[in-house]
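Residue-level structure breakdown
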Amino acid sequence: MLTRAAVLTEFHAPLEIREVELADPGPGEVRVRIRASGICGSDLKAIDGKSPVVSQLPFVLGHESAGVVESVGEGVAALKPGDHVIIAMSGPCGRCRGCAGGEFHLCSGPARMTAIMGGLPRMTLDGAETRRFIGIGSFAEHAVVSERMCVKIAKDAPFAAMALLACGVVTGVGAVLNVARVQPGSSVLVVGCGGVGLNVIQGAVLAGATTIYAADIAEQKLKLAERFGATPVQEFPQNVDYAFDATGVPGVLAKAFAATRPGGTTVMVGSPPRGQNLEIDPSLLFASRRLMGTQGGDAAPLRDLPMLAAQYMAGRLDLDGLITERVPLEDINAAVERVRQGSVARSVIVFD
Ligand SMILES: [Zn+2]
Ligand SMILES: [Zn+2]
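Keep in mind that this is a model prediction, so the values were computed, not measured.

Remarks on the environment of A160
- Tracing the sequence through the fold places A160 in helix α4 (residues 159-180).
- Residue A160 is classed as buried on the basis of its relative accessible area of 6%.
- Distance in space between the C-alpha atoms of A160 and D216 is 26 Å, their sequence separation being 56 residues.
- Filtering out sequence-adjacent residues up to four positions away, A160 remains in contact with A36, I323, R326 and V348.

Brief notes about the UniProt feature "transmembrane region" (unreviewed entry) in the chain
- Taking the UniProt record as the reference, the feature "transmembrane region" (unreviewed entry) is found at residues 157-177 and 189-215.
- Helix makes up 90% of residues 157-177 and strand 0%, with an end-to-end C-alpha separation of 23 Å.
- Helix makes up 48% of residues 189-215 and strand 30%, with an end-to-end C-alpha separation of 8 Å.

Section: the coordination of the zinc ion (ligand 1)
- Coordination of the zinc ion (ligand 1) by the protein is provided by C40 (SG), H63 (NE2) and C167 (SG), with metal-donor distances spanning 2.0 to 2.2 Å.
- Spacing between the donor residues of the zinc ion (ligand 1) along the chain follows C-x22-H-x103-C. With H63 in the loop between β4 (59-60) and β5 (65-72) and C167 in helix α4, the pair connects residues that are 104 residues apart, well separated along the chain.

What about helix α7 (residues 250-258)?
- Looking only at α7, the buried set comprises P250, L253, A254, A256 and F257. Viewed end-on, α7 has its buried residues packed into an arc of 165°, placing them on one side of the element.
- Packing partners of the buried residues in α7 comprise β12 (187-191), β15 (240-245), β16 (260-268), α8 (282-286) and β17 (290-293).

A look at the packing of α4 against helix α5 (residues 195-207)
- Contact pair α4 / α5: the axes reach a minimum separation of 7 Å and the direction vectors enclose 45°. By the criterion of interaxial angle, the relationship of α4 to α5 is oblique. Crossing of α4 against α5: the hand is right-handed. Along the contact surface, α4 presents G168, V169, T171, G172, V173, V176 and L177, while α5 presents V196, N199, V200, G203, A204, L206 and A207.

Regarding the coordination of the zinc ion (ligand 2)
- Protein ligation of the zinc ion (ligand 2) involves C93 (SG), C96 (SG), C99 (SG) and C107 (SG), the donor distances falling in the range 2.3 to 2.4 Å.
- Geometry at the zinc ion (ligand 2) is tetrahedral, judged from its 4 donor atoms and the angles of 105 to 119° they form at the metal.
- When the donors of the zinc ion (ligand 2) are listed by position in the chain, the intervening gaps give C-x2-C-x2-C-x7-C. C107 shares its class with C99; the two are buried.

Notes on the packing of α4 against helix α9 (residues 301-313)
- Relative orientation of the contacting elements α4 and α9 amounts to 105°, with a least axis distance of 9 Å. Accordingly, the angle class assigned to the pair α4 and α9 is roughly perpendicular. Counted together, A161, M162, L165, A166, V169, V170, V173, L177 and N178 of α4 and R303, D304, L305, M307, L308, A309 and Y312 of α9 form the full contact between these two elements.
- Grouping the constituent residues of the contact of α4 with α9 by class yields 13 nonpolar, 1 polar and 2 charged.

Each value, and the rule that gives it
- Residues numbered from 1 in each chain as written.
- Chains lettered and ligands numbered in written order.
- Predicted model: local features only at pLDDT ≥ 70, side-chain atom pairs only at ≥ 80, totals over all residues.
- Heavy atoms only, no water.
- Helix = DSSP H or I, 4+ residues; strand = E, 2+ residues; numbered from the N terminus.
- Buried < 20%, exposed > 50% of the residue type's maximum accessible area, 1.4 Å probe, protein only.
- Contact = heavy atoms within 4.5 Å.
- UniProt positions renumbered as here; feature names shortened; annotations may be inferred.
- Donors = N, O, S within 2.8 Å, 3.2 Å for Na, K, Ca; no water.
- Arc of directions from axis to C-beta.
- Axes fitted to C-alpha atoms, helices over the stretch in contact; angles between N-to-C directions.
- Parallel < 35°, antiparallel > 145°, perpendicular 65-115°, else oblique.
- Left-handed = near helix turned anticlockwise from the far one by under 90°.
- Tetrahedral: all angles 85-135°; square planar, octahedral: opposite > 155°, others 65-115°.
- Nonpolar A, V, L, I, M, F, W, Y, C, P; charged D, E, K, R; others polar.

Structural data, given as structure tokens:
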């Protein structure tokens, strides 16, 4: 079928709204009519030619989405047309070493590896194979994805809010609940209050942290952090139980690490550029401090996304407050620019 997509045809250039040919879903796959897709920092990185998995153009970005199942391929049993779904960033195989140990975020099955590299050949632009971000490519009216990546949601759950769960929200909240395992009553420092950092704050609230500090160089983001339950600080407080760095800047991470108490935990949530070094005083590590990394909040999509959707429906997770604007696909380039300038928390592409 033909569908409209925002296509990356040249790095550092605006996306082009084009008609692309999308194949029917193959065995184990479904076609989803995309209803909402958030613009994430890693989409911008790819536009700038800085993503290691986006090298061959044309390419369709977008990986934080929700929509409606339109058709299903052979052997799909868990989903049927009309189901509302979030498309998760991974569909763990259940058979590799990572999955066998319950570490679904470390799935190394062949389907996951293929998805990371742009997915199976399912889309063409003027006859040229067009890869899709993490095998999704949700800056398009339709996506063909593995059924394993789809997490069913209630039909009354709003698509824009649900889309955000797939990347930014599960990364931030997951860093708190799955990685640091923040304990009730503890103190937390969050550095960097963009899309992910705000969700670290929300995760800390959900975990029952009683003191949550937020640091950011942008005054506007600190104001938002306050709305989500954090106390803005100019200087890092010392002796906190947990620190989260959502900036990906090594010097900032080192400072956050030094702000934890002996036995405290620091999690790097941000994605740092390759090839930089982190300088920390090893005597701080010696005092039982822990320094941890995470990929996407160590999420297990089928476990975490329904939990987060339920928290939202119960009024305990603010997703609407994260959405600064909803824009149609035609206006994606202007929205990308606003995300780049840091003037929005999340910009969501919505489809009728
Ligand atoms: Zn993302
Ligand atoms: Zn696996």
